[in-house]
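Read off the chains here:
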Protein chains: 2
Amino acid sequence: MCFVYILYTILMMGTKTENRVAEKSTAAEQVYNALKRDIITLQHQPGVSLTEQQLATLYGTSRVPVREACRRLGQEGLLTGRPYRGYSVNHISLKEIGDCFDLRLGLESRALELAAQRATAGDLNRLSNLATIEYTYHDWDSYVEFLDRNLDFHIQLASLSRNDRLVAVLRDLLGSMQRFFFLGLDLGDFASEMRSEHEELVALLSSDSPDLAIGCLNRQITSSRDRILRALIEDRIDLPIG
Amino acid sequence: MCFVYILYTILMMGTKTENRVAEKSTAAEQVYNALKRDIITLQHQPGVSLTEQQLATLYGTSRVPVREACRRLGQEGLLTGRPYRGYSVNHISLKEIGDCFDLRLGLESRALELAAQRATAGDLNRLSNLATIEYTYHDWDSYVEFLDRNLDFHIQLASLSRNDRLVAVLRDLLGSMQRFFFLGLDLGDFASEMRSEHEELVALLSSDSPDLAIGCLNRQITSSRDRILRALIEDRIDLPIG
DNA sequence: CTATTGTGCTTTGTATACATTTTGTATACA
DNA sequence: TGTATACAAAATGTATACAAAGCACAATAG
């Protein structure tokens, strides 16, 4: 291994990853958040066409902030915009679900590998506070918040890798994957199964068993994917294949 | 393994990954390309401040297309924009180089793993055509084109995974990493060392040795990182650490 | 002398008017 | 009847004018 990289590795032990500050809400930011939420919760269903003017009146602003929001969401994989022809909400295909989970596996595995090398005891303590998530059955708002906290846990876990770039990519990916959980599934089952997984993961990390933790995470992500796929099939929810 | 995923896997064997069509050049697209090129080649040096108006006059257009280009480049990690305060070209720190290479390792490893399962003989033939890259020593234009083709090779290799999402992320990442090669290094050495690596990789893939191929790729990426880090140190190029 | 507040300048944020492109439709012609 | 062309409608792409926000610096009160 290159001696420079050893130096680099040592330096990284001490660096702090920047915590994203809450940015002040500009109109473009608000439209971005609202539109993203509405797409994720399927208020705008996959495949429907959206025009800038339409969204502008819907969210009470002009076309410019809408435009910016649409471009961002386009890059995150929730929208597709064709020049001079407007936007359409991306379809959720079986292929896309598989692609996203494959990518997620790669990213989170790598992040956890790095996190095991770099995380401190204090980091793990702070993380364990996020691990336990309350959830009341069949309450929609509660479920939305549960998903938010679940996302946050995975982001914070990845942040222990101290790799800002990786975390940024993962944040976008997990954000757009939230949509999968709103496909008309029986949501209760998911939450109850996912609850204990976080604690298991933190425990393995705390006991300094990186390989076990990575295996555990892989099993969890894989089973999450399979839960979704199985539920889709069993509930006979029609999705495009490719 | 979930039975549904087995079905999914079989289906994926036959799917074709969409080839990105060359989009017609709108002004925003042109500014994006020009600005990206100028940042990568360090015409705009790391750390300098840029204003929308300044860029608009520089590239001969109005602020709107410039704005869009800046937002895209911001999301790709080349620029940082602070609200009401303009943009600045991101610094290249040792930490960022390390972060990017770590992420790249994770992404390309995963892609190659999938590619080994899914690629056909025809795919590998087509790829091997891209593997050999001509390069004339100490010719700047030639070196730029060499880097472009090197990028293309890695993108096409990753495309064999049939995972569009992964490819999109990798494309952005590798694009912003191009900048590392323009830090005033002796470029000739890099090119000559990198040339044979592609062929070795394709050969291992063709001989159906996925594990060897992944190991080979990992060594190549790691040594590429170390070449850059070592050259930076030896040439005494001052970079921020964190 | 220090801290705070106000003022002005710079730059982005937003709205709106206009240009350009795409696509569908109607019509003329073979 | 089929095809090609011209035109109209709808949407984004671009430019510009104005509003809002941040920051530096000076003036002022303590």
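Placed above this text is the structure.
Structural notes, computed from the coordinates.

The next subject is the overall build of chain A. Within chain A, the regular secondary structure consists of ten helices and three strands. Start at the N end of chain A and walk to the C end: the helices and strands fall as α-α-β-α-α-β-β-α-α-α-α-α-α. Here chain A holds 242 residues, and 52% of them are scored as buried. Sequence-distant contacts in chain A: of pairs separated by 6 or more residues, those separated by 24 or more amount to 75%.

Note on the copies: chain A fits chain B at an RMSD of 0.0 Å, the axial shift is 0.0 Å, and the rotation between them is 180°. Taken together, the rotation and translation describe the operation of a two-fold axis. Taking the C-alpha atom as reference, chain A places Gly106(A) closest to the rotation axis, 3.0 Å from it. A symmetric contact is evident, with 100% of the interface residues of chain A recurring at the interface of chain B.

Our focus in this paragraph is helix 5 (residues 94-118) of chain B. Here helix 5 of chain B spans 36 Å end to end across 25 residues, near enough to the 36 Å set by a 1.5 Å rise per residue. The buried fraction of helix 5 of chain B amounts to 22 of the 25 residues, a majority that puts the element mostly inside the structure.

In this model, helix 8 (residues 164-177) of chain B (14 residues) spans 20 Å end to end at C-alpha, consistent with the 20 Å of a helix rising 1.5 Å per residue. Within helix 8 of chain B, the full set of buried residues consists of Arg165(B), Leu166(B), Val167(B), Val169(B), Leu170(B), Leu173(B), Leu174(B), Gly175(B), Ser176(B) and Met177(B).

Around DNA strand C sit 22 residues in total, of which Thr26(A), Ala27(A), Thr61(A), Ser62(A) and Arg67(B) are the nearest. Backbone atoms, meaning sugar and phosphate, form 73% of the atoms of DNA strand C found within 4 Å of the protein. Contact between DNA strand C and Arg63(B): a base nitrogen at 3.1 Å from a side-chain N or O atom of the residue. The side chain of Arg71(B) places a nitrogen or oxygen atom 3.3 Å from a phosphate oxygen of DNA strand C.

Residues and elements named next belong to chain A. For Tyr84, which is not glycine, the phi torsion reads 65° and is therefore positive. Summarising the element assignment, Tyr84 is placed in the loop between strand 2 (79-82) and strand 3 (86-89). If you check the backbone angles, Arg162 has positive phi at about 65° while not being a glycine. By the secondary structure assignment, Arg162 is in the loop between helix 7 (140-159) and helix 8 (164-177). On the basis of relative accessible area, Arg162 is assigned to the buried category, the value being 3%.

Contacts between chain A and chain B engage 44 residues on the former and 44 residues on the latter. Taken over both partners, the interface formed by chain A and chain B buries close to 3900 Å², and the fraction arising from carbon and sulfur atoms is 58%. Counting the contacts that link chain A with chain B gives twelve salt bridges. Between Glu68(A) and Arg67(B) there is a salt bridge, with its nearest N and O atoms 3.5 Å apart. There are 15 residue pairs in polar contact (both at pLDDT 80 or more) connecting chain A and chain B. Of all the elements in the fold, those that place two or more residues in the side of chain A that touches chain B are helix 1 (3-14), helix 4 (63-76), helix 5 (94-118), helix 8 and helix 10 (210-234) of chain A. If you tally residues by element for the side of chain A that touches chain B, the top one is helix 5 of chain A, at 14 residues. Its residues assigned to classes, the side of chain A that touches chain B shows 19 nonpolar, seven polar and 18 charged.

The next thing to look at is the sheet that holds strand 2 (residues 79-82) of chain B. Pairing in this open sheet of three strands is antiparallel, and the strands run 1-3-2 (chain B) from one edge to the other. This sheet does not close on itself; its edge strands, each paired only once, are strand 1 (49-50) and strand 2 of chain B.

Let us now look at the side chain of Glu197(B). Residue and element names in this part refer to chain B. Tracing the chain through its elements places Glu197 in helix 9 (residues 187-206). Lacking a salt bridge, the buried Glu197 has Arg227 as its closest oppositely charged neighbour, with an N-O distance of 4.1 Å. In this structure, Glu197 is in contact with Gln220, Ser223 and Arg227, ignoring residues within four places of it in sequence.

Okay, the protein's contact with DNA strand D next. Arg67(A), Thr26(B), Ala27(B), Thr61(B) and Ser62(B) are the nearest of the 20 residues found near DNA strand D. Across the atoms of DNA strand D situated within 4 Å of the protein, the share located in sugar and phosphate is 77%. In the model, a base nitrogen of DNA strand D is placed 3.1 Å from a nitrogen or oxygen of the Arg63(A) side chain. Here Ala28(B) contributes a backbone N or O atom positioned 3.5 Å from a phosphate oxygen of DNA strand D. Sorting the residues of the surface near DNA strand D by element identifies helix 4 and strand 3 of chain A together with helix 2 (27-40) and helix 4 (63-76) of chain B as the ones contributing at least two each. Looking at the surface near DNA strand D, the element that brings in the most residues is helix 4 of chain A, giving three residues. For the surface near DNA strand D, the residue count by class is seven nonpolar, five polar and eight charged.

Attention now goes to the sheet that holds strand 1 (residues 49-50) of chain A. Residue and element names in this part refer to chain A. Strand order in this open sheet of three strands is 1-3-2, and the pairing throughout is antiparallel. Lying at the two open borders of the sheet, with one neighbouring strand each, are strand 1 and strand 2. Bridge count for strand 2 against strand 3 is four bridges, and the pairing is antiparallel. By the bridge assignment, Arg82 is partnered in strand 3 with Gly86.

Looking now at the packing of helix 3 (residues 52-59) of chain A against helix 4 of chain A. Residues and elements named next belong to chain A. Remark: helix 3 packs on helix 4, axes separated minimally by 9 Å, with the N-to-C direction vectors making an angle of 110°. In terms of orientation, helix 3 lies roughly perpendicular with respect to helix 4. Across the interface between the two elements, Glu52, Gln53, Leu55 and Ala56 of helix 3 pack against Arg63, Val66, Arg67 and Cys70 of helix 4. Here the contact of helix 3 with helix 4 is built from residues that sort into four nonpolar, one polar and three charged.

Bringing the packing of helix 4 of chain A against helix 4 of chain B into the picture now. Where helix 4 of chain A contacts helix 4 of chain B, the axes come no closer than 11 Å and their chain directions differ by 35°. Crossing hand, helix 4 of chain A versus helix 4 of chain B: right-handed. Contacts between helix 4 of chain A and helix 4 of chain B pair Arg67(A), Glu68(A), Arg71(A), Arg72(A), Gln75(A) and Glu76(A) from the former with Arg67(B), Glu68(B), Arg71(B), Arg72(B), Gln75(B) and Glu76(B) from the latter. Among the residues making up the contact of helix 4 of chain A with helix 4 of chain B, the classes are represented as no nonpolar, two polar and ten charged.

Conventions adopted
Residues numbered from 1 in each chain as written. Chains lettered and ligands numbered in written order. Predicted model: local features only at pLDDT ≥ 70, side-chain atom pairs only at ≥ 80, totals over all residues. Heavy atoms only, no water. Helix = DSSP H or I, 4+ residues; strand = E, 2+ residues; numbered from the N terminus. Buried < 20%, exposed > 50% of the residue type's maximum accessible area, 1.4 Å probe, protein only. Contact = heavy atoms within 4.5 Å. Least-squares fit on C-alpha atoms with pLDDT ≥ 70 in both. Expected span 1.5 Å × (residues − 1). Near = heavy atom within 4 Å. Polar contact = N/O pair within 3.5 Å; in protein donor to acceptor, adjacent residues only side chain to side chain. Buried area = accessible area lost by both parts, 1.4 Å probe. Salt bridge = Lys/Arg side-chain N within 4 Å of Asp/Glu carboxyl O. Nonpolar A, V, L, I, M, F, W, Y, C, P; charged D, E, K, R; others polar. Pairing = 2+ DSSP bridges. Lys, Arg positive; Asp, Glu negative; His and termini not counted. Axes fitted to C-alpha atoms, helices over the stretch in contact; angles between N-to-C directions. Parallel < 35°, antiparallel > 145°, perpendicular 65-115°, else oblique. Left-handed = near helix turned anticlockwise from the far one by under 90°.

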